[in-house]
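Fold and geometry: a report
Read off the chains here:
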Amino acid sequence: MNFSGQHVLSVNQFERDNLEYIFNIAEKMEPYAKRKIRTKVLDGAILGNLFFEPSTRTRVSFGCAFNLLGGEVRETTGMETSALAKGESLYDTARVISSYSDVIAMRHPQAGSVAEFAEGSRVPVINGGDGANEHPTQALLDLYTIQSELRAFEQKIDGMHIAMVGDLKNGRTVHSLSKLLAQYNNVHLSLISPTELAMPDYVIDTLENAGHKVTISDDMEHNLNADIVYQTRIQEERFENQDEANKYRGQFRLNSDIYTRFCKSNTVIMHPLPRDSRADANELDNDLNQNPNLAIFRQADNGILIRMALFAMTLGVADQVDKYQCPVPWYSAK
Ligand code: CP
């Protein structure tokens, strides 16, 4: 796949060799992300960062990743500050913003909206999450994190056991990650959720057609004996009303006691974040914060590397990043 000038809308675009290529480029971004050295390879380029739904990590890391490559960022946050609130179409918005930008990252609450927007865009569009549908850059950073965490235990993605826990119906990150895992071999997936919030059938079909073992359960404790536990939040913003979401809040909580009793000694804990730390939810307890196998912040850090790699690739400069190096004159503690 030649990434130059391409949209990144779905994980379905990627085959396994594409993933390995992206991860190689991401790894090379580490000295830049850690401020050991700078690059100006995207000096003069503009990212249109359009976030029509709340975000902390994805929005800020897209922006920082672009800045770290030397480019500038122009942001729109919230539907109400955009002309979409006046009835402008996604197509018209895309035609206009794509003439102001070299690449666009976008999040929107409706499934399929980012692909619709991309049809009107004259520059590459990267999906930062479209409703309950997909979150491809999160899936890439999740898979990159799984690979690097397992490497420390001399394990691989092929043959691993991952338990996905929580709202598997509405959680777009688990949909996208599962589809990427279909590119690997002999993965065991334990899908733990309330029956009403089960993983969609089409995702399970994809996994089973790839030859993976899929176990479905609403019992968290007895399915945590995995290499990776991927905890998720109840996606309350996708429910008809708060009362409906409240029925499931707090149903699956992972804390230090449960980890010690039911996980393996080296089970890696992941969560796409944000975790819901309110007392009635608390799906991933703060008492795990000092556990060395808690990978959630390393996972968020990897978002910078993956997004830098995607910008460099879609703008066709992945092989020129080092050529535009310059020193870091300020003190850096990273
Ligand atoms: N993981 C993730 O998408 O986080 P944000 O909603 O903060 O972007």
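Since the model is a prediction, treat every value here as computed from it, not as a measurement.

1. Quick word on the site of the ligand
In the vicinity of the ligand, the contacting residues are S55, T56, R57, T58, R107, H135, Q138, P272, L273 and P274. Residue R57 places a side-chain N or O atom 2.9 Å away from an oxygen atom belonging to the ligand. Between the ligand and H135, the relevant distance is 2.9 Å, taken from an oxygen atom to a side-chain nitrogen or oxygen of the residue. In the complex, 92% of the free accessible area of the ligand, which totals 260 Å², lies under the protein chains. Residue classes in the shell around the ligand are distributed as three nonpolar, five polar and two charged. Of the residues that make up the shell around the ligand, three or more belong to each of domain 1 (11-134 + 301-326) and domain 2 (136-297).

2. Observations regarding the environment of L47
Among the secondary structure elements, L47 is positioned in strand β2 (residues 46-51). For L47, a relative accessible area of 0% translates into the label buried. Counting along the chain gives 84 residues from L47 to G131, while the straight-line C-alpha distance between them is 22 Å.

3. Observations concerning the environment of V268
Along the chain, the position of V268 falls in strand β10 (residues 268-270). Sequence-wise, V268 and L150 are 118 residues apart; in three dimensions their C-alpha atoms are separated by 8.2 Å. Ignoring any residue separated from it by four or fewer positions in sequence, one finds V268 in contact with E149, F153, D227, I228, V229, N293 and A295.

4. Comments concerning the sheet that holds strand β6 (residues 161-165)
The five strands are arranged β8-β7-β6-β9-β10 in an open sheet whose pairing can be described as parallel. The open sheet is flanked by β8 (213-217) and β10, the only strands paired with a single partner. Direction aside, neighbouring strands of the sheet carry axes that sit 15° apart on average. Where β6 lies against strand β9 (residues 228-231), four bridges are found, and the strand directions are parallel. Residue pairing for β9: I162 is matched across the bridge by I228. The strands that helix α8 (residues 201-209) touches are β7 (188-192) and β8; relative to β8, the one it contacts most, it runs at about 145°.

5. Brief notes about the pattern of salt bridges
Per the counting criterion, the structure on display carries 18 salt bridges. Here E20 makes a salt bridge to R16, at a shortest N to O gap of 3.2 Å. Of this pair, E20 and R16 both sit in helix α1 (residues 16-28), four residues apart, which is roughly one turn of that helix. A salt bridge links R298 to E149; the shortest N-O distance between them is 2.7 Å. Residue R298 is found in helix α11 (residues 296-314), and its partner E149 is found in helix α6 (residues 136-151); the two are separated by 149 residues along the sequence. It is possible to trace a salt-bridge network through shared partners that takes in E236, R249, D276, R278 and D280.

6. Considerations on the domain arrangement of the chain
Segmentation of the chain into domains returns domain 1 (11-134 + 301-326) and domain 2 (136-297). Each of domain 1 and domain 2 was reduced to a C-alpha centroid, and the two centroids are 25 Å apart. Taken residue by residue, the interface counts 31 residues in domain 1 and 27 residues in domain 2. Carbon and sulfur atoms make up 55% of the surface buried where domain 1 meets domain 2, a total of about 2,500 Å² over both sides. At the junction of domain 1 and domain 2, the tally comes to five salt bridges.

Rules behind the numbers
Residues numbered from 1 in each chain as written. Predicted model: local features only at pLDDT ≥ 70, side-chain atom pairs only at ≥ 80, totals over all residues. Heavy atoms only, no water. Near = heavy atom within 4 Å. Polar contact = N/O pair within 3.5 Å; in protein donor to acceptor, adjacent residues only side chain to side chain. Areas by Shrake-Rupley, 256 points an atom, 1.4 Å probe, with all protein chains shown as cover. Nonpolar A, V, L, I, M, F, W, Y, C, P; charged D, E, K, R; others polar. Domains from an automatic or database assignment. Helix = DSSP H or I, 4+ residues; strand = E, 2+ residues; numbered from the N terminus. Buried < 20%, exposed > 50% of the residue type's maximum accessible area, 1.4 Å probe, protein only. Contact = heavy atoms within 4.5 Å. Pairing = 2+ DSSP bridges. Axes fitted to C-alpha atoms, helices over the stretch in contact; angles between N-to-C directions. Salt bridge = Lys/Arg side-chain N within 4 Å of Asp/Glu carboxyl O. Buried area = accessible area lost by both parts, 1.4 Å probe.

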